[in-house]
Amino acid sequence: MTTLLSTHQLNIRIGNKQICTGLSAGIQAGEVWGLLGGNGAGKTTLLHTLAGLRKPDSGQILYKSELLSGINSRKKARMCGILLQDDESQFPATVMETVLQGRHPHLSLWQWEGEEDEQIAVDALIKTDLAEHKDKNVTQLSGGEKQRLKIATLLVQNPDILLADEPTNHLDLPHQINLLKLLTDRVRSNSQTLLMSLHDLNLVWRFCDKVILLYPDREPETGNTVDLLIPDHLEALYQHPIHCLDTDKGRLFVAA
Ligand SMILES: Nc1ncnc2c1ncn2[C@@H]1O[C@H](COP(=O)(O)OP(=O)(O)OP(=O)(O)O)[C@@H](O)[C@H]1O
């Protein structure tokens, strides 16, 4: 088994708030992990730190066997991609131009996208149900369409380590399932790795092999989804009772 992303005794503070203390975790090729915690628990901050967008206070982050702090930004962009939660930084470009930006880490400095890059981009637009919007300006897309475009761009970038901050934001129920299936199938069949923050425990149960629980008042916990998505852990995580109902359709989670 290859460990694609690992942390060792990672400590992160933001402002005067301790987000994570002593997080040690190893995410293997082919695994899908969920990142859970209440509002303000630090999920976004942790994902940004793992993507190299901010520095940890102490501890180590490794991509494969390399320290993240020693990897240059171009190589980092080929190894790791992040779907940001509220990304309003999009230029007024077409959908096709935007999705093609995912190929940039794979091209040399002055190289234009070629036929193969365009084919990869078209394929991602078809898979995310955006092909009919290919020539539209991104400013004309709905919230759900913009979210699907972010997922398409991540697929086109095709890094080994995918980080996603609430990837189901703005998506209707069928798109939530179809897009998470698309991402997780891709990661599993290409021996990549996906760590995503999610608020919907039913989606976590369905798609994640393992989870990181960011508790409000104690050290984070990592383990198998099946072992940690249980009432006492969830109540400690959200400071609110959660019912776990075993049905013929699988386990369902309902806030009391
Ligand atoms: N720039 C900042 N300066 C100080 N504190 C910040 C800053 N950005 C975020 N925080 C605080 O850090 C904590 C963690 O925020 P973060 O966005 O990582 O949480 P989250 O788990 O992603 O929350 P949510 O589920 O609401 O999206 C919050 O209490 C937030 O108010």
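Further up the page is the structure itself.
These figures come from a predicted structure and were not determined experimentally.

Visitor: Explain the sheet that holds strand β5 (residues 66-67) to me, using residue names and the numbers behind them.
Guide: Strand order in the open sheet formed by four strands is β2-β1-β4-β5, with antiparallel pairing between adjacent strands. A strand with exactly one partner marks an edge of an open sheet, and here the two such strands are β2 (17-28) and β5. Where strand β1 (residues 3-14) and strand β4 (residues 58-63) come together, five bridges link them in antiparallel fashion. Opposite Leu-5, over in β4, you have Tyr-63 as the bridge partner.

Visitor: Just give me the short version of the site of the ligand, but keep the residues and values in it.
Guide: Of all residues adjacent to the ligand, which total 14 residues, the nearest are Gly-40, Gly-42, Lys-43, Thr-44 and Thr-45. Contacts to the ligand include Gly-42, whose backbone N or O atom sits 2.9 Å from an oxygen atom. Note that an oxygen atom of the ligand is positioned 2.8 Å from one of the side-chain N or O atoms of Thr-44. Relative to its unbound accessible surface of 640 Å², the ligand loses 58% to contact with the protein. For the shell around the ligand, the secondary-structure elements that each account for two or more residues are β2 and α1 (43-50). Of the residues forming the shell around the ligand, the biggest block, three residues, is contributed by α1. Among the residues forming the shell around the ligand, the class breakdown is three nonpolar, eight polar and three charged.

Visitor: So what about the packing of aromatic side chains? Which residues, and what values?
Guide: This model, assessed by the stated rule, comprises one aromatic pair. The ring centre of Tyr-215 lies 4.0 Å from the NZ or CZ of Arg-218, which sits over that ring.

Visitor: Pulling in residues and values, what's your account of helix α6 (residues 173-189)?
Guide: Its 17 residues place the ends of α6 24 Å apart at the C-alpha level, agreeing with the 24 Å of an ideal helix rising 1.5 Å per residue. Looking only at α6, the buried set comprises His-175, Gln-176, Leu-179, Leu-180, Leu-182, Leu-183, Thr-184 and Val-187. N-capping of α6 is provided by Asp-172, with a side-chain oxygen placed 2.8 Å from the backbone N of His-175. Looking at the residues trailing α6, positive phi occurs at Ser-191, about 55 degrees.

Visitor: Talk me through empty space enclosed by the protein; I want residue IDs and the actual numbers.
Guide: All chains considered together, the criterion is met by one cavity of 30 Å³ or more. In this model, the largest cavity occupies a volume close to 50 Å³. Around the largest cavity, the lining residues are Leu-5, Ser-6, Thr-7, Leu-23, Ala-25, Ile-27, Leu-46, Leu-50, Leu-195 and Ile-212. Within the lining of the largest cavity, the residues separate by chemical class into eight nonpolar, two polar and no charged.

Visitor: Account for a nonpolar patch on the surface, naming residues and giving values.
Guide: A cluster of nonpolar residues, Leu-245, Leu-252 and Val-254, forms a patch on the protein surface that exposes about 220 Å² of accessible area. If you trace the backbone, Val-254 turns up in strand β12 (residues 250-255).

Visitor: A description of the packing of helix α4 (residues 115-127) against helix α5 (residues 143-157) should follow, citing residues and the corresponding values.
Guide: Running from N to C, α4 and α5 point in directions that differ by 140 degrees, and their axes come no closer than 9 Å. As far as their axial angle goes, α5 and α4 are oblique. α5 is crossed by α4, and the crossing has right-handed handedness. In this structure, α4 contributes Ile-120, Ala-121, Ala-124 and Leu-125 to the contact, and α5 contributes Leu-149, Ala-152, Leu-155 and Val-156. Broken down by class, the residue content of the contact of α4 with α5 amounts to eight nonpolar, no polar and no charged.

Visitor: Outline the pairing of β1, listing residues and values.
Guide: Relative to β2, β1 runs antiparallel, the two sharing eight bridges. Pairing of Thr-7 across the sheet is with Ala-25, part of β2. Hairpin connection, β1 to β2: the antiparallel pair is bridged by two residues, and Gly-15 has positive phi, about 60 degrees.

Visitor: For the pattern of salt bridges, give the residues involved together with the corresponding values.
Guide: Opposite charge on two side chains permits them to pair, given that their charged atoms come into close proximity. Throughout the structure, instances matching the rule amount to nine salt bridges. Here Arg-188 ties to Asp-209 by a salt bridge, and the two come within 2.9 Å at their closest N and O atoms. Of the two residues, Arg-188 sits in helix α6 while Asp-209 sits in the loop between α7 (201-207) and β9 (210-213), which places them 21 residues apart along the sequence. Accessibility expressed as a relative area gives 31% for Asp-209, which makes it partly exposed.

Definitions and limits used
Residues numbered from 1 in each chain as written. Predicted model: local features only at pLDDT ≥ 70, side-chain atom pairs only at ≥ 80, totals over all residues. Heavy atoms only, no water. Pairing = 2+ DSSP bridges. Helix = DSSP H or I, 4+ residues; strand = E, 2+ residues; numbered from the N terminus. Near = heavy atom within 4 Å. Polar contact = N/O pair within 3.5 Å; in protein donor to acceptor, adjacent residues only side chain to side chain. Areas by Shrake-Rupley, 256 points an atom, 1.4 Å probe, with all protein chains shown as cover. Nonpolar A, V, L, I, M, F, W, Y, C, P; charged D, E, K, R; others polar. Phe/Tyr/Trp six-rings, centres within 6.5 Å; stacked < 30°, edge-to-face > 60°. Lys NZ or Arg CZ within 6 Å of the ring centre and 35° of its normal. Expected span 1.5 Å × (residues − 1). Buried < 20%, exposed > 50% of the residue type's maximum accessible area, 1.4 Å probe, protein only. 1 Å grid on protein atoms, 1.4 Å probe; cavity = no way out; pocket = protein on both sides within 12 Å on 5 of 7 lines; lining within 4 Å. Points joined across faces, edges and corners; volume = space filled by probe spheres on them. Patch = residues over 30% accessible without salt bridge, like charges linked within 9 Å, V, L, I, M, F, W, Y side chains within 5 Å. Salt bridge = Lys/Arg side-chain N within 4 Å of Asp/Glu carboxyl O. Axes fitted to C-alpha atoms, helices over the stretch in contact; angles between N-to-C directions. Parallel < 35°, antiparallel > 145°, perpendicular 65-115°, else oblique. Left-handed = near helix turned anticlockwise from the far one by under 90°. Contact = heavy atoms within 4.5 Å.

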